[in-house]
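Letter by letter, the chains look like this.
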Amino acid sequence: MSQALSLHFERVIGVDIAESMIRNAVELNRFPDRCEYIHNVAADLSVLPDRSADLIYSSITLQHVVPALARRYIREFFRVVRPGGLVIFQLPCRPRSVLWHALKSVAPVGVANMIWRLRTGSPEAMETYSMAEKKVVDLVEESGGAILSVEENQNGPPGWQSRKYFCIRPSPV
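Throughout what follows, the structure given in this document is the object of discussion.

Analysis parameters
Residues numbered from 1 in each chain as written. Predicted model: local features only at pLDDT ≥ 70, side-chain atom pairs only at ≥ 80, totals over all residues. Heavy atoms only, no water. Helix = DSSP H or I, 4+ residues; strand = E, 2+ residues; numbered from the N terminus. Buried < 20%, exposed > 50% of the residue type's maximum accessible area, 1.4 Å probe, protein only. Contact = heavy atoms within 4.5 Å. Arc of directions from axis to C-beta. 1 Å grid on protein atoms, 1.4 Å probe; cavity = no way out; pocket = protein on both sides within 12 Å on 5 of 7 lines; lining within 4 Å. Points joined across faces, edges and corners; volume = space filled by probe spheres on them. Nonpolar A, V, L, I, M, F, W, Y, C, P; charged D, E, K, R; others polar. Pairing = 2+ DSSP bridges. Right-handed = clockwise from strand over helix to strand, strands pointing away.

If you trace the backbone, V65 turns up in the loop between β3 (53-58) and α3 (67-80). For V65, a relative accessible area of 14% corresponds to the buried category. Taking C-alpha positions, V65 is 6.9 Å from Y129, a pair spaced 64 residues apart along the chain. Leave out the neighbours within four places in its chain, and V65 touches A70, Y73 and Y129.

Structure representation (structure tokens):
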């Protein structure tokens, strides 16, 4: 996504917690004069200054972050974006199976991951979380943002209900 955005913006910054993803992105970077990548292991986006971005975009990321940390990142989006800037992010709003989600929440992670591998045949198990749409809307507003639109999307795990939130940080009047 950062490479595509580099065709339309003077400066693009990609941020990721995985050092391997940053290494790969740097190797594939076709726009090193306009696009940079930052490895960030902090529980916030303090690597980015206040009101420094015109656009914040996050997809298929927050769903793999525990809800308390996802809420913190969403707050950070509105700290980093300039007044009038856009914040677009995706987050599942409901798990595929409420029963499975409840069982998984009380089972040890290793057991839940083993069951996931057996159920799906996938060698990889990535933890997935959701946040109710109403809670996300409230959080955006509490963080100084405003919702422009909420759309259903298919970017969450198969069978999960997912939403893409289009938001703005209003300019002062």
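Among all positions of helix α6 (residues 133-142), only V136, V137, L139 and V140 are buried. Take α6 and look down its axis: the buried residues cluster within an arc of 165°, on one side only. Turned more than 90 degrees away from the buried face of α6 sit K134, K135 and E142, all of them exposed. The inward-facing, buried residues of α6 contact α3, β4 (81-94), β5 (146-153) and β6 (161-168). Two residues or fewer past α6, G144 is found with a positive phi of approximately 95°.

A few words now on the layout of surface pockets. Roughly 1,600 Å³ of internal volume is contained in the largest pocket. In this structure, the largest pocket is lined by 46 residues; those nearest its centre are I13, G14, V15, D16 and Y57. Sorting the residues of the lining of the largest pocket by element identifies α1 (2-6), β1 (12-16), α2 (19-28), β3 and α3 as the ones contributing at least two each. Among the elements that take part in the lining of the largest pocket, β3 stands out by supplying 6 residues, more than any other. By residue class, the composition of the lining of the largest pocket is 29 nonpolar, 12 polar and 5 charged.

Once that is clear, we can look at the pairing of strand β2 (residues 35-39). If a strand is regular, its side chains alternate between the two faces of the sheet. In the sheet, β1 pairs with β2 via 5 bridges, with the strands oriented parallel. When the sheet's bridge partners are listed, V15 is paired in β2 with I38. Crossover β1 to β2 through α2 is right-handed.

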